[in-house]
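Architecture and fold: a report
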Amino acid sequence: MLLLNCPCCGIDADETELEAGGEAHITRHGAGASDDDFETYMFMRKNPKGVHFERWRHAYGCGKWFHAARCTMTLEVFGTYSAQTLEPPKALINKIKKKRPDWEGFVK
Amino acid sequence: MSNAVSAMNGASFKGSVTIKDTGLQGMITLRGDFKSAVVAKALKTATGTAMPETGQILHSAKGSAAWMSPDELLLLVDYTKVDAIIAKLDKALSGEHALVINVSDARAMFEIKGAATRDILAKGSPADMSKEGLPVGVMRRSRLGQLAVAFWMDDEKTAHMVCFRSVGEHVFMWLKNASEKGSLPKYYT
Ligand SMILES: [Zn+2]
């Protein structure tokens, strides 16, 4: 079971109070984009075994979106952070690097 | 004039706790910038309370103000005074990026009373119902079964719960069922 701390209301929310929003930090390509860019935006996902950055919504709580970093294999949660950012905070990246020395780092 | 009634029209049930439809309750959604002095002042005139901190519910003789999200409050006031209070709020907030709406008849409210209140809530919600997790003065938005609800403790034996009116009957039946005698997990009591 996942327990994510919602940075918008401070509650440790059980996954059944949350809605998963898929991979985070995806660059949006809309009308006028090349076919390749649009395909990447629409379909291509990292799906890693290990460190993953995701979007979640506190659906049954404050209703707000936020970001979470967790391990898809162990379900360890490294941290949550604001939705209003294009990349994970430096402090969080450093924390993950310490815990997972083999991790290749955040790649957009 | 139509005859306004609450979702369960004042129904009550006595099991291991008492479940009661609290009747017509004035409820106003106020959305805006909590840091704005104008919004805080408007709130004060409506409920007599200060601006609640994150997750807080504040009470005064005039009404209550509950933190629902970083930009949304739920105001609880006298049902008959809602229109007048909204008119006042609209005036006080003119020019401000804010929204005020009457949701009284779109919601239902229940009172849960008894020593086992925390156990009853815990049957339907994953929220931490301990005294530390849900102290008096905290507004908790969560779910009951599969329905969105919000609840708070008034004292150690009393909780209030708000939900959409359209599911009011279901929530009442759910709470009734949860308080059948002999069915308590007795985790918190
Ligand atoms: Zn939240």
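Reading the values: rules and limits
Residues numbered from 1 in each chain as written. Chains lettered and ligands numbered in written order. Predicted model: local features only at pLDDT ≥ 70, side-chain atom pairs only at ≥ 80, totals over all residues. Heavy atoms only, no water. Domains from an automatic or database assignment. Contact = heavy atoms within 4.5 Å. Buried area = accessible area lost by both parts, 1.4 Å probe. Salt bridge = Lys/Arg side-chain N within 4 Å of Asp/Glu carboxyl O. Donors = N, O, S within 2.8 Å, 3.2 Å for Na, K, Ca; no water. Tetrahedral: all angles 85-135°; square planar, octahedral: opposite > 155°, others 65-115°. Patch = residues over 30% accessible without salt bridge, like charges linked within 9 Å, V, L, I, M, F, W, Y side chains within 5 Å. Areas by Shrake-Rupley, 256 points an atom, 1.4 Å probe, with all protein chains shown as cover. Lys, Arg positive; Asp, Glu negative; His and termini not counted. Charge placed at Lys NZ, Arg CZ, Asp CG, Glu CD. Helix = DSSP H or I, 4+ residues; strand = E, 2+ residues; numbered from the N terminus. Buried < 20%, exposed > 50% of the residue type's maximum accessible area, 1.4 Å probe, protein only.

Our next topic: the domain arrangement of chain B. Residue and element names in this part refer to chain B. Segmenting chain B into domains produces domain 1 (12–23 + 106–178) and domain 2 (26–105). At the junction of the two partners, domain 1 supplies 13 residues and domain 2 supplies 15 residues. With both sides pooled, the region where domain 1 packs onto domain 2 buries about 1100 Å², and carbon together with sulfur makes up 60% of that total. For the pair domain 1 and domain 2, the number of links is zero salt bridges.

Attention now goes to the interface of chain A and chain B. Counting residues at the interface gives 11 residues for chain A and 17 residues for chain B. Buried area between chain A and chain B, both sides added, is near 980 Å², and the carbon and sulfur share of it is 54%. When the area that chain A buries against chain B is broken down by residue, the three leading residues are Glu17(A), Tyr60(A) and Lys64(A), summing to 48%. The interface formed by chain A and chain B holds two salt bridges in total.

Geometry reference: four tetrahedral donors at a metal, ideal angle 109.5 degrees. Six octahedral donors, ideal angles 90 or 180 degrees. Of the protein atoms, only Cys6(A) (SG), Cys9(A) (SG), His58(A) (ND1) and Cys62(A) (SG) coordinate the zinc ion, at distances of 2.0 to 2.4 Å. Considering all four donor atoms around the zinc ion, angles at the metal cover 97 to 117° and the coordination shape is tetrahedral.

Here the focus is a negative patch on the surface. All names here are of chain A. Negative charge collects at one region of the surface, where Asp35, Asp36, Asp37 and Glu39 lie side by side. Checked against the element boundaries, aspartate 37 lands in helix H1 (residues 35–42). Using a relative accessible area of 33% as the deciding quantity, one classes aspartate 37 as partly exposed.

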